[in-house]
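Understanding the architecture of this molecule
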Amino acid sequence: MGKRIALSVAAALAVVGVIAPSAYADGSSGDTEILGLTVNNGSSVIIGTTYAKTFNVEIDAYDDSGLLSADTDLDGPGYGYASDKTICETDYSCTHSFTFDPRVDLDNSRAGTWYVGSWVDAIDGDYRWDERIDSFRLKRASTLTTNASPEPVKNGKTLTVTGTLKRASWDDYKYHGYTSQPVTLQFRKKGSSTYKNIKTLKTSSTGGLKTTVTASADGYWRWTFAGTTTTSAKTSDSDFVDVR
């Protein structure tokens, strides 16, 4: 079963205060090496408001006797913390399964960059400890809509394209408008497979988007958002407009 973030410990530290940590340290005995890691198959971990997310952390390591076990920690913003110890299944990697539940483990302060450290034990008693092997992003999920009107529209007339960008809140389990974010309007002409960027706008105080363009050809309109360090990228469903 995936391990949960230790929020109770974090809360206690927040109350009594935290002494700044010393410099990050590594250590080893023998020829054990930690070569790298893969989190969530190389993708950011994106979580909405309702469902828990389970993801794997694979530690790549080597020892001439084979690997025994790995004790791996995840450290993130807002005193976010999770840990797991696992028996290594192969001679070259050790895979952990973590589960983060937005309604149990998370609040908005925990979105951002998380660091992974691990202590790897080898069969012959050698070990390697790296406090920060690499990092990954834990992100709040986003939603994005598009609506183009009127439909159909006469050639050369004005078409209004609107939309709304929202992101998950792990504080109240709702989606709220994402303010002042750059979002790009794209168009794909009917019969083409390629979208072209038309213009970029910033969202309003409620996450809203609204612009006008001149209708000149049948095609598909959509908004696309590149994401941030704390919020996932999102491209809306397209809205087809018939130009007559």
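We now turn to the structure provided with this report. Computed from a predicted structure; not experimentally measured.

Description of the overall build of the protein
For the protein, the helix and strand inventory stands at one helix and 19 strands. Residues counted as buried form 41% of the 244 residues belonging to the protein. Considering only residue pairs separated by 6 or more positions, the protein has 67% of its internal contacts joining residues 24 or more positions apart. As displayed, the protein offers around 12500 Å² of accessible surface, 47% of which is attributable to carbon and sulfur atoms.

Regarding the environment of Gly156
Structurally, Gly156 is set in the loop between strand 11 (147-149) and strand 12 (158-168). Overall, the relative accessible area of 47% leaves Gly156 in the partly exposed class.

Concerning the packing of aromatic side chains
Under the definition given, this model contains eleven aromatic pairs. Taking the centre distance of 5.9 Å and the plane angle of 55° together, the rings of Phe55 and Phe136 count as tilted. Of the two residues, Phe55 is situated in strand 4 (residues 53-62) and Phe136 in strand 9 (residues 127-140); the sequence distance between them amounts to 81 residues. Cluster of aromatic residues (ring-pair linked, three or more members): Phe55, Phe98, Phe100, Trp114 and Phe136. For the cation-ring pair, Arg132 lies above Tyr115, with the distance from its terminal atom to the ring centre recorded as 3.6 Å. For the cation-ring pair, Arg222 lies above Tyr195, with the distance from its terminal atom to the ring centre recorded as 3.5 Å.

A few points about the nonpolar core
The biggest cluster of nonpolar side chains holds 26 residues, and the ones touching the most others in it are Phe55, Leu74, Phe100, Phe136 and Leu138. For this core, the element with the most residues is strand 4, which contributes four residues. The residues touching Phe136, leaving out its near neighbours within four places in the chain, are Val39, Val45, Phe55, Leu74, Gly112, Thr113, Trp114 and Val116. Counting 19 residues, the second largest nonpolar core, distinct from the first, contains Val161, Tyr178, Val183 and Trp221.

Considerations on the pairing of strand 17 (residues 219-225)
The buried fraction of strand 17 amounts to five of the seven residues, a majority that puts the element mostly inside the structure. Across six bridges, the pairing between strand 14 (residues 182-189) and strand 17 is antiparallel. When the sheet's bridge partners are listed, Lys189 is paired in strand 17 with Gly219. With three bridges joining them, strand 17 and strand 19 (residues 239-241) adopt antiparallel strand pairing. Note that in strand 19 the partner of Trp221 across the bridge is Asp239.

Each value, and the rule that gives it
For every chain, the first residue of its written sequence is number 1, and the numbers climb from 1 along that sequence. Predicted model: local features are reported for residues with pLDDT of at least 70 only, side-chain atom pairs are reported and counted for 80 or more only, and whole-chain, interface and lining totals are derived from all residues. With hydrogens and water stripped out, all remaining heavy atoms of the structure feed into the side-chain values. Strands here mean DSSP runs of E at least two residues long; helices mean DSSP runs of H or I at least four residues long; both are numbered from the N terminus. Partly exposed residues are those whose accessible area sits between 20% and 50% of the maximum for their type, while under 20% is buried and over 50% is exposed, using a 1.4 Å probe and protein chains only. Contacts are assigned to residue pairs with any non-hydrogen atoms lying within 4.5 Å of each other. Methods summary: accessible areas were calculated by the Shrake-Rupley approach with a probe of 1.4 Å, and residue burial reflects only the protein chains presented. Pairing of aromatic rings covers Phe, Tyr and Trp, the last counted by its six-membered ring, and requires centre-to-centre distances within 6.5 Å; plane angles under 30 degrees mean stacked, over 60 mean edge-to-face, and any other angle means tilted. Each ring is checked for a lysine NZ or an arginine CZ that lies within 6 Å of its centre and within 35 degrees of its normal; such an atom marks a charge sitting over the ring. Residue types Ala, Val, Leu, Ile, Met, Phe, Trp, Tyr and Cys, when buried and joined through side-chain atoms within 4.5 Å, form a set referred to as a nonpolar core. For two strands to be treated as a pair, DSSP must find no fewer than two bridges joining them.

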